[in-house]
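Spelled out, the chains give:
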Amino acid sequence: CLPANQERFANGKLATVQFHPSAQVVMTAGHDRSVSLFQVDGIRNPRIQSIYLESFPIYKACFSVDGEQVIATGTHHKMFFVYDMMSGSIIPIQKVRGVEERFLRNFEVSPDGSFMLLTGTSGYLHLLSMKTKELIGTMKVNGRCTASAFTPDSSKIYSYSKEGEVFIWDVRSRKCLHKFEDEGSLEGKCIAVSKNNQYVACGSASGVVNLYTTDVCLKENHPKPIKAIMNLVTSATCVTFNPTTEILAVASRETDEAVKLV
């Protein structure tokens, strides 16, 4: 295949590549302060458009579940942008009332499209309404939160702390239902929940990815992983399941070609 973004290569590091939820479109975004959309036809992959966010190197960008918006956070900003693809307008969200953070970088969008979860500093997690971008409530883990994942039905959140603990939250009440320790983790890095809600994968700074069944995670404080994946030698920075929960991809951005499919 030709490079998806061959009609406009980025001038800096790409932070995000994501397929549109329903159209044959791919988005790229990164440190050159731009978000680009390409029609993926496999022949030319023509560029649809690029938007430029002045003095805003992008840390992460993500489609909304309905595919009508792109949300982008910056590397060193407390504001974020919403790009409305229907109207073509770029909406800056300067401040979310009730959220006191120096930077807003990492976030997750719930699978049902209702919520946006912002990862703050000092263990704070801010749950926003996707519709209004207003604060619904705040949760706090012990230590620092490094990664979070919604369950497929959007009813729970798994939050992974830097100290290797995983907190399970009820979205509706924002109460902590349970917490468990990720076996052997010295520093938590990334977490994923499978689409059928059967497995949880936790990736740590040592490169080990532990795979658990969700029912054990909800009951035990020191669950045993059903599998420990040792293939990465540098920090595991990304774990994700394929839609049918048959393959787990684990990757490290700290070295070239460090991607394993399990």
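Shown above is the structure to which this text applies.
What counts and what doesn't
- Residues numbered from 1 in each chain as written.
- Predicted model: local features only at pLDDT ≥ 70, side-chain atom pairs only at ≥ 80, totals over all residues.
- Heavy atoms only, no water.
- Pairing = 2+ DSSP bridges.
- Helix = DSSP H or I, 4+ residues; strand = E, 2+ residues; numbered from the N terminus.
- Axes fitted to C-alpha atoms, helices over the stretch in contact; angles between N-to-C directions.
- Core = buried A, V, L, I, M, F, W, Y, C linked by side-chain atoms within 4.5 Å.
- Buried < 20%, exposed > 50% of the residue type's maximum accessible area, 1.4 Å probe, protein only.
- Contact = heavy atoms within 4.5 Å.
- Patch = residues over 30% accessible without salt bridge, like charges linked within 9 Å, V, L, I, M, F, W, Y side chains within 5 Å.
- Areas by Shrake-Rupley, 256 points an atom, 1.4 Å probe, with all protein chains shown as cover.
- Salt bridge = Lys/Arg side-chain N within 4 Å of Asp/Glu carboxyl O.

Caption draft 1: Main features of the sheet that holds strand S21 (residues 238-241). The strand order across the open sheet formed by 3 strands is S21-S22-S23, and the pairing between neighbours is antiparallel. Each edge of the open sheet is held by one strand with a lone partner, namely S21 and strand S23 (259-261). Sheet twist, expressed as the mean angle between neighbouring strand axes with direction ignored, is 15°. As paired elements, strand S22 (residues 248-251) and S23 share 3 bridges and run antiparallel to each other. Within S23, the residue paired with Ala 251 across the bridge is Val 259.

Caption draft 2: Molecular detail of the nonpolar core. Core analysis: the biggest nonpolar cluster contains 17 residues, and Met 27, Val 35, Leu 37, Leu 53, Ile 58, Ala 61 and Val 70 have the highest contact counts within it. Taken together, the elements giving at least two residues each to this core come down to strand S2 (25-30), strand S3 (34-39), strand S5 (58-63), strand S6 (69-74) and strand S7 (80-84). Discounting residues that sit within four places of it in the chain, Val 70 has contacts with Met 27, Val 35, Ala 61, Cys 62, Phe 63, Phe 81, Val 82, Tyr 83 and Met 85.

Caption draft 3: Seen up close, the sheet that holds strand S9 (residues 107-109). One open sheet holds the 4 strands; their spatial order is S9-S10-S11-S12, and the pairing between them is antiparallel. This sheet does not close on itself; its edge strands, each paired only once, are S9 and strand S12 (135-140). Direction aside, the axes of adjacent strands within the sheet are offset by 20° on average. Pairing of S9 with strand S10 (residues 115-119) involves 3 bridges; the strand directions are antiparallel. Paired with Glu 108 across the bridge in S10 is Leu 117.

Caption draft 4: Region of the structure containing the environment of Ala 149. Position of Ala 149 relative to the elements: it lies in strand S13 (residues 145-150). Measuring from C-alpha to C-alpha, the distance between Ala 149 and Pro 111 comes to 9.9 Å, with 38 residues separating the pair along the chain. Ignoring anything within four residues of it in the chain, the contact list for Ala 149 reads Lys 156, Ile 157, Tyr 158, Ile 191, Ala 192 and Val 193.

Caption draft 5: Spatial organisation of a nonpolar patch on the surface. A contiguous nonpolar patch, built from Ile 247, Val 259 and Leu 261 and spanning about 290 Å² of accessible area, is present on the exposed surface. Within the secondary structure layout, Val 259 lies in strand S23. The class for Val 259 is exposed, based on a relative accessible area of 53%.

Caption draft 6: View of the environment of Cys 62. Counting through the fold element by element, Cys 62 comes out in strand S5. Sequence spacing of Cys 62 and Leu 248 is 186 residues, and the spatial spacing of their C-alpha atoms is 21 Å. Non-local contacts of Cys 62, meaning those with residues more than four positions away in its chain, are made with Gln 18, Met 27, Gln 69, Val 70, Ile 71, Phe 107 and Val 109.

Caption draft 7: Layout of the pattern of salt bridges. Taken as a whole and assessed by the stated rule, the structure comprises 7 salt bridges. As a salt-bridge pair, Glu 108 and Lys 60 come within 3.3 Å of each other at their nearest N and O atoms. On the criterion of sequence distance, the pair formed by Glu 108 in strand S9 and Lys 60 in strand S5 is long-range, its members being 48 residues apart.

Caption draft 8: Focus on the pairing of S10. By the criterion of burial, S10 is predominantly enclosed, with 5 of the 5 residues buried. The alternating pattern of S10 places Phe 115, Leu 117 and Thr 119 and Met 116 and Leu 118 on opposite faces, both of which are buried. Turn length for the S9-S10 hairpin, with the two strands adjacent in sequence and antiparallel, is 5 residues, and the turn residue Gly 113 shows positive phi of about 80°. Across 5 bridges, the pairing between S10 and strand S11 (residues 124-129) is antiparallel.

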